[in-house]
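The primary structure of each chain is shown beneath.
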Amino acid sequence: TSFGFKTIPEETKESLVKNVFDSVASSYDLMNDATSFGVHRLWKDTFVSTLKPGRKGPLRCIDVAGGTGDIALRILDHARETYADRETSVEVVDINAQMLNEGFTRFKKTMYHNTPQVSFHEANAQELPASQFKSDTYDLYTIAFGIRNCTSIPAVLKEAHRVLKPGATFACLEFSKVNNPLLSTLYDQYSFSVIPLLGTILAGDRDSYQYLVESIRKFPTQPDFAQMIRDAGFSTGPNVDGGAWTDLWGGIASIHTGVKL
Ligand code: SAM
């Protein structure tokens, strides 16, 4: 790349991604806070509170690439606090058992532990086992900071479309493209120097965090990603800002939604 890092061949991506998250699982939550100054929490709050699932709860949700359960916890808290809903459920799906394990341990301290409201499943977003994740089943599919780690975005979208009920919502929170040139330069400086350094200091693992930064740069732009969502059979937008997506912090991250046609 222009930053002098090795580019990762696509065929090795899946095993590499698995290793990256094996290696960062225990420090993942700490690193998220350190690298984003806690901003990922605000984005996740915004993401969950602005979701419009298309029907009233209780909802059956699937949170894919759900990692340590950040989104699942917010969905359940939001349902309970806003609608006094204790029946909405979230199935957390991730390819990495160690991330799920961190999530499971964390949920032990919550009121949702040992209830039908949350469960953890090891599976690949690109090929959710059809016997376990049946077609036309979920009211809401979420994926946060996960889709860019997948080898095939169309395969993920196809599976999302399959498991959702007609009229149900797909919602994705992901790092995106910064449009403002000045912000973009500052952000590049920060991500390519500070984040790998923080990775070294806090997690003892520079390469994994370098990979994460690189994967952000390779992700499609907002209009291209919106088109991919439409190509998978969803209608997109208008979102809160009237477009097919909502930029957060000038496009450092963005929220894309689609409704299954
Ligand atoms: N959604 C969580 C959050 O927002 O905190 C976790 C995000 S973490 C950056 C990305 C997650 O994607 C990791 O837990 C990783 O194991 C998972 N992942 C990567 N590739 C995947 C795939 N093909 N299928 C399912 N999960 C995957």
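**Student:** Quick question: what am I supposed to make of the pairing of strand β2 (residues 89-94) here?
**Tutor:** The two faces of a sheet get side chains in turn, since along a regular strand they alternate between them. In terms of residue burial, β2 counts as a mostly covered element, since six of its six residues are buried. By the alternation rule, side chains of β2 split into Ser89, Glu91 and Val93 and Val90, Val92 and Asp94, which are all buried. Pairing analysis gives five bridges linking strand β1 (residues 60-64) to β2, with the strands arranged parallel. From the neighbouring strand, Cys61 faces β2, where its bridge partner is Val90. Handedness of the crossover joining β1 and β2 through helix α4 (residues 70-83): right-handed. Summarising the sheet, β2 and strand β3 (residues 118-122) pair through five bridges and their orientation is parallel. Each bridged residue has a counterpart across the sheet, and for Val92 the counterpart in β3 is Phe120. Note that the unit made of β2, helix α5 (residues 97-107) and β3 has a crossover that is right-handed.

**Student:** What is the right way to read the pattern of salt bridges from this model?
**Tutor:** Counting across every chain of the model gives twelve salt bridges. Close ionic contact of Asp70 with Lys44 constitutes a salt bridge, the shortest N to O distance being 2.6 Å. Pair noted here: Asp70 is in helix α4 and Lys44 is in helix α3 (residues 39-49), with a separation of 26 residues, a long-range link. Measuring nitrogen to oxygen at the nearest pair gives 2.7 Å for the salt bridge that ties Asp70 to Arg106. You can see Asp70 sitting in helix α4 and its partner Arg106 sitting in helix α5, a full 36 residues away along the chain. Taking relative accessible area as the criterion, Asp70 reaches 8% and is therefore assigned buried. Judged by its relative accessible area of 22%, Arg106 falls in the partly exposed class.

**Student:** Help me out: how do you make sense of the packing of aromatic side chains in this one?
**Tutor:** By the definition in use, this model includes ten aromatic pairs. Here the aromatic rings of Phe104 and Phe120 are separated by 5.9 Å at their centres, their planes lie at 80 degrees, and the arrangement is edge-to-face. With Phe104 in helix α5 and Phe120 in strand β3, this pair connects stretches of sequence that are 16 residues apart. Relative to Phe175, the ring of Phe145 lies with its centre 4.7 Å away and its plane at 35 degrees, an arrangement referred to as tilted. Remark: Phe175 occurs in strand β5 (residues 164-175) and Phe145 occurs in the loop between β4 (138-144) and α6 (153-163); sequence separation between them is 30 residues. Both residues of the pair, Phe145 and Phe175, belong to the buried class. Counting every residue linked through ring pairs, the aromatic cluster contains Trp43, Phe145, Phe175 and Trp249.

**Student:** Explain a nonpolar patch on the surface here, please?
**Tutor:** Taken together, the side chains of Leu30, Leu197, Ile201 and Leu202 make up a nonpolar region of the molecular surface, amounting to roughly 380 Å² of accessible area. Along the chain, Leu197 turns up in helix α7 (residues 181-203). Among the residues examined, Leu197 registers a relative accessible area of 45% and is labelled partly exposed.

Here is what the cut-offs are and how they apply
- Residue positions are given per chain, counted from 1 along the sequence in the order it is written.
- This being a predicted model, a pLDDT of at least 70 is required before a residue's local features are given, and a value of 80 or more before pairs of side-chain atoms are given or counted; all residues contribute to the totals for chains, interfaces and linings.
- Side-chain metrics rest on all non-hydrogen atoms present in the structure, leaving aside hydrogens and water.
- Exposure is judged per residue with a 1.4 Å probe applied to protein chains only, and the accessible area is read against the type maximum: over 50% gives exposed, under 20% gives buried, and values in between give partly exposed.
- A run of H or I in DSSP counts as a helix once it spans at least four residues, and a run of E counts as a strand once it spans at least two, with each numbered from the N terminus.
- Strand pairing is assigned whenever DSSP identifies at least 2 bridges connecting the two strands.
- Seen with the strands pointing away from the viewer, any crossover whose path from the first strand over the helix to the second strand runs clockwise is right-handed.
- Salt bridges are counted wherever a side-chain nitrogen of Lys or Arg sits within 4 Å of a carboxyl oxygen of Asp or Glu.
- Here the aromatic set is Phe, Tyr and Trp, taking the six-membered ring for Trp, and pairing holds for ring centres within 6.5 Å; pairs whose planes are under 30 degrees apart are stacked, those over 60 apart are edge-to-face, and all others are tilted.
- The patch calculation keeps residues exceeding 30% relative accessible area without a salt bridge and links them within 9 Å when they carry like charges or within 5 Å when they are nonpolar (Val, Leu, Ile, Met, Phe, Trp, Tyr).
- Method for areas: the Shrake-Rupley scheme with a 1.4 Å probe, in which residue coverage is limited to the protein chains shown.

Just distances and angles here, no functional claims.
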